[in-house]
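Single-letter residue listing:
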Amino acid sequence: MSMIKEKSVLVTGGAGFIGSHLVDALLARGAGAVVAVDNLFLGSLDNLAAAQQSERFHFYREDAADLSIMDHLMARHRVEVVFNLATKALLYSFTNPEGAFMVNVEIMHTLLYLQRKGAFKTLIHCSSSEAYGTAQTFPMDENHPYVPATPYAAGKAAADLMALSYAHTFGADVTVIRPFNNYGPRQNKDRGLEAVIPLTAARLMRGEMPIIYGDGEQTRDFIYVEDTVNGLLLAYEKPAARGQVINLASGKEISIVEVMRGICAYFNYDGQIEYREARPADVRRHRGDIQRAQKILGFTPQVNFDEGLRRTLDWYTKS
């Protein structure tokens, strides 16, 4: 087993939703140094308020695709492990499709080049279930075909394939972790690229009507952010994960209508819901198979959706 204690770790996208929770967990587990790199496209320094109290934490507002900068930071901090969480939100596909695709590929290219050069040892890459597209088989295991429906999803799939090709061709110390639909505190809520839970919470707190795109019967497999972070850390700790693609999910599906009901109940809202035309390329059905995560990582999600939703909405109402 590989332990994170005393290791020097770099997190791309470290000021973001999942990245900031990972930073906190790494510090709590005794990492020797935690280096967060984030251009603050969606990330926020507010997410790192606790981390910034630690002398072991270092933040750089930089582009993780910049080869010279990343080379410099890895040498400066003697980085051993990289967790790659930098990306741009799925909805960015509809305003800048090229950017939504290329950010994933360019960052992966930089990291794999530096890894081959010997700048660091281990890469744990955080992908997305969006790389699968809509479920072709059910539940969706790691052998599910890639059918990405958006440029964001295609970029994720391309980055995954690049990472795996380096593992197979050069023996690169790489693991691809593929979470399903993350939710929890700190998820972006105010920049026009919000996911359904923060978007709906924000609208209700402003006294506005909630919105459902399409019929609301589309399903997602929601995983609470703390469970995702635990899975990422297990992926580093378990050598058998190297060269693998591993799903992280709850193993359960829930419709958007059901999600909306839960949010409305929390806010005691019994008014109407506005239905709008379905968004293009919206995934219809998702439910992850987590047998590989259970077998290789010993992973079991700990937070059920009702509890996770309550914690999430508590955070939004207080932040």
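Residues numbered from 1 in each chain as written. Predicted model: local features only at pLDDT ≥ 70, side-chain atom pairs only at ≥ 80, totals over all residues. Heavy atoms only, no water.

Participant: Hey, could you run me through the overall build of the protein in this one?
Facilitator: Of the regular secondary structure elements, the protein holds 9 helices and 13 strands. The C-alpha atoms of the protein give 19 Å as radius of gyration, which agrees with the globular expectation for 319 residues (20 Å, within 12%). Seen along its three principal axes, the alpha-carbon backbone of the protein occupies a region of about 55 × 45 × 35 Å. The buried share of the protein, taken over its 319 residues, is 55%. (Helix = DSSP H or I, 4+ residues; strand = E, 2+ residues; numbered from the N terminus. Rg over C-alpha atoms; globule rule 2.2 N^0.38 Å. Buried < 20%, exposed > 50% of the residue type's maximum accessible area, 1.4 Å probe, protein only.)

Participant: What should I look at first to understand unusual backbone geometry in this one?
Facilitator: The bulk of non-glycine residues show a negative phi, and the bulk of peptide bonds are trans. For the peptide bond that leads from F138 to P139, omega is -5°, which places it in the cis range. Despite not being glycine, R186 has its phi angle at roughly 80°, a positive value. Topologically, R186 is positioned in the loop between strand 7 (181–183) and helix 5 (196–205). Here the phi dihedral of A281 falls at roughly 65°; this positive angle occurs in a residue that is not glycine. Note that A281 resides in the loop between strand 13 (274–276) and helix 8 (291–297).

Participant: Hey, could you run me through the pattern of salt bridges in this one?
Facilitator: Two side chains that carry opposite charge are able to pair once their charged atoms sit near each other. In the structure shown here, the tally under the stated rule is 16 salt bridges. Linking E142 and R292 is a salt bridge whose minimum nitrogen-to-oxygen distance equals 3.8 Å. Of this pair, E142 sits in the loop between strand 5 (122–126) and helix 4 (151–170) while R292 sits in helix 8; the two residues are 150 residues apart in sequence, bridging distant segments of the chain. Classification of E142 by relative accessible area gives buried; the value is 11%. A residue is classified by how much of its surface remains accessible, and R292, at 25% relative accessible area, is partly exposed. Linking E307 and R310 is a salt bridge whose minimum nitrogen-to-oxygen distance equals 2.7 Å. You can see E307 and its partner R310 sitting in helix 9 (residues 305–318), 3 residues apart, about one turn around the helix. Residue R310 is classed as partly exposed on the basis of its relative accessible area, which comes to 38%. Taken together, the salt bridges that share partners define one network made up of E226, E307, R310, R311 and D314. (Salt bridge = Lys/Arg side-chain N within 4 Å of Asp/Glu carboxyl O.)

Participant: Just to check I follow, could you spell out the side chain of S129 for this structure?
Facilitator: Tracing the chain through its elements places S129 in the loop between strand 5 and helix 4. In contact with S129, other than residues within four places in its own chain, are R178, P179, F180, N181 and H286. (Contact = heavy atoms within 4.5 Å.)

Participant: Teacher, can you tell me more about the sheet that holds strand 4 (residues 81–84) here?
Facilitator: Either a parallel or an antiparallel arrangement is found when strands of a sheet pair, and the pairing is made through backbone hydrogen bonds. Spatially, 3-2-1-4-5-6-11 is the arrangement adopted by the 7 strands of the open sheet, whose pairing is parallel. A strand with exactly one partner marks an edge of an open sheet, and here the two such strands are strand 3 (57–60) and strand 11 (245–248). For this sheet the average axis-to-axis angle between neighbouring strands, irrespective of direction, equals 20°. Where strand 1 (residues 8–12) lies against strand 2 (residues 33–37), 5 bridges are found, and the strand directions are parallel. Following the sheet pairing, T12 is matched in strand 2 by V37. Seen against the sheet, helix 1 (residues 17–28) touches strand 1, strand 2, strand 3 and strand 4 and runs at an angle of roughly 170° to strand 1. (Pairing = 2+ DSSP bridges. Axes fitted to C-alpha atoms, helices over the stretch in contact; angles between N-to-C directions.)

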